Amino acid sequence: MRTSTKLTSLVSAAVLSLTLTACGSGDDAVTVGSKDFTENILLGEMLLQALEAEGIEVEDKIDLGGTEVNRGALTSGDIDVYPEYNGTGWTVHLGQEDPSSDPTELYTVTAEKDLADNEIKWVGLSPFNDTYGFAANGDLSASDGPFDLQGMADYLEATPDATVCLETEFPDRPDGLVLFEDATGYELPESQQQILDTGLIYTETSDGACDFGEVFTTDGRITELNLELVEDPGVFILYNVSYTMPVDVYDANAEIYDEVVETILAGLDNEKMASLNAQVDVDGVPASDVAAEYLTEVGIL
């Protein structure tokens with residue numbers, strides 16, 4: 001039996017309506033958050049635009065704030081999803097110690113425990129590892145370096161007026177400054193700490209206002225500014241990214257989330273992520289535009 005054009009149109013419209021409702025239209029819109037630094041903002045933008053392309057209604061709360069702000073918003077229901085790092089999940093959110101040095105294993109134990117304890121689902125795993133690190137001022141590195149973490153500690157101990165630029169939460173994070181201090185035996189005094197917004201650390205260290213700066217190792221500004229990474233023998237823990245969301249949010253559209261997240265993350269190795277970050281931080285391209293170009297490149301847009 002042949003279906004009329006009118007009936008086909010009515011059926012198609014009904015299916016589309018049901019699909020949009022199931023995917024989060026109206027009061028069920030998916031609220032996407034992110035942390036307040038470039039890489040996380042880009043990852044948030046990628047997911048937001050990808051979900052829109054799938055016909056899902058979204059609410060934008062990207063650039064929401066720091067780690068605790070986003071996690072609190074997630075567990076309270078103020079947002080439905082944001083990008084998080086496995087090392088942060090294991091040590092900060094779950095309060096665990098001795099994280100695995102294998103990214104897949106760390107993801108697995110973090111995802112399983114967060115799901116069991118908090119009903120939070122971790123979706124996908126990035127190839128890139130955006131771990132913490134330090135960068136030395138390029139002129140200092142040329143004259144007194146290159147530095148590894150122990151060499152940096154020795155220099156700071158021998159040079160009391162030397163300073164390290166740090167972001168607000170780094171001195172108190174269990175995966176932050178304490179790992180450097182435990183590994184090197186040097187406890188960085190407050191007199192050598194200069195607390196700055198994350199974005200200022202790179203320029204202030206490049207300009208010599210700080211001798212060393214805390215950095216993210218996939219930040220595009222490292223290669224573009226007067227900075228030299230301090231060699232890390234494996235002191236700082238892994239930070240591969242996933243998208244985290246309440247399991248009921250995930251279950252509502254699991255196939256869509258799995259497919260979209262896999263497509264987004266598959267091409268993001270360290271080099272690619274650093275280049276995208278540099279487009280925003282060095283070239284001044286809006287994060288939304290960089291995200292859209294990448295999504296076009298991988299076939300989502």
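Owing to the predicted nature of the structure, the values given are computational and were not obtained by experimental measurement.

Basis of the calculations
Residues numbered from 1 in each chain as written. Predicted model: local features only at pLDDT ≥ 70, side-chain atom pairs only at ≥ 80, totals over all residues. Heavy atoms only, no water. Buried < 20%, exposed > 50% of the residue type's maximum accessible area, 1.4 Å probe, protein only. Helix = DSSP H or I, 4+ residues; strand = E, 2+ residues; numbered from the N terminus. Arc of directions from axis to C-beta. Contact = heavy atoms within 4.5 Å. Pairing = 2+ DSSP bridges. Axes fitted to C-alpha atoms, helices over the stretch in contact; angles between N-to-C directions. Phe/Tyr/Trp six-rings, centres within 6.5 Å; stacked < 30°, edge-to-face > 60°. Lys NZ or Arg CZ within 6 Å of the ring centre and 35° of its normal. Parallel < 35°, antiparallel > 145°, perpendicular 65-115°, else oblique. Left-handed = near helix turned anticlockwise from the far one by under 90°. Core = buried A, V, L, I, M, F, W, Y, C linked by side-chain atoms within 4.5 Å.

A. Expanded view of helix 14 (residues 287–297). Among the residues making up helix 14, those that are buried are Ala-287, Val-290, Ala-291, Tyr-294 and Leu-295. For helix 14, the arc enclosing every buried residue in end-on projection is 135°, short of the 170-degree limit, so these residues lie on one face. The secondary structure elements touched by the buried residues of helix 14 are helix 2 (38–53), helix 12 (254–266) and helix 13 (270–281).

B. Expanded view of the sheet that holds strand 9 (residues 227–229). Reading across the sheet, the 5 strands line up as 7-6-8-5-9 and stay open at both edges, with mixed pairing between neighbours. Strands with a single pairing partner mark the edges of an open sheet, and in this sheet they are strand 7 (193–195) and strand 9. Going across the sheet, the axis of each strand differs from the next one's by a mean of 40°, ignoring polarity. Alignment of strand 5 (residues 132–137) against strand 9, held across 3 bridges, turns out to be antiparallel. Opposite Ala-136, over in strand 9, you have Glu-228 as the bridge partner. Those strands touched by helix 7 (residues 149–158) are strand 5, strand 6 (164–166) and strand 8 (212–216), and its axis lies near 150° from that of strand 8.

C. Molecular detail of unusual backbone geometry. Residue Gly-145 is joined to Pro-146 through a cis peptide bond whose omega torsion reads 0°. Structurally, Pro-146 can be placed in the loop between helix 6 (138–144) and helix 7. In this structure, Asp-63 is a non-glycine residue whose phi angle is positive, near 65°. Considering the arrangement of structural elements, one finds Asp-63 in strand 2 (residues 58–65). Overall, the relative accessible area of 44% leaves Asp-63 in the partly exposed class.

D. Main features of the packing of aromatic side chains. As enumerated under the stated definition, the model contains 14 aromatic pairs in all. With 5.3 Å between their ring centres and 85° between their planes, Tyr-132 and Tyr-239 make a pair best called edge-to-face. Here Tyr-239 lies in the loop between strand 9 and strand 10 (241–246) and Tyr-132 lies in strand 5, a separation of 107 residues in the sequence. Note on Tyr-132: relative accessible area 5%, which makes it buried. The residue whose ring lies beneath Lys-121 is Tyr-250, and the NZ or CZ to ring-centre distance is 4.9 Å. When the ring centre of Tyr-202 is taken as origin, the NZ or CZ atom of Arg-221, which lies over that ring, is 3.9 Å away.

E. Representation of the packing of helix 2 against helix 14 in the model. At a minimum axis distance of 9 Å, the contact between helix 2 and helix 14 shows a crossing angle of 60°. On the basis of their axis angle, the class for helix 2 and helix 14 is oblique. Regarding helix 2 and helix 14, the two cross each other, and that crossing is right-handed. Listed contacts from helix 14 to Ile-41, Leu-42, Glu-45, Met-46, Gln-49 and Ala-50 of helix 2 are Ala-287, Ser-288, Val-290, Ala-291, Ala-292, Tyr-294 and Leu-295.

F. Representation of the nonpolar core in the model. Membership of the largest hydrophobic core comes to 70 residues, with the highest contact counts inside it found for Leu-43, Met-46, Phe-134, Phe-212, Ile-264 and Leu-268. Among the elements that make up this core, the one with the highest residue count is helix 2 (8 residues). In terms of nonpolar packing, the next biggest core, distinct from the first, is built from 8 residues, Ala-73, Leu-74, Tyr-107 and Ile-120 among them.

The analysis is restricted to geometry; functional conclusions fall outside its scope.
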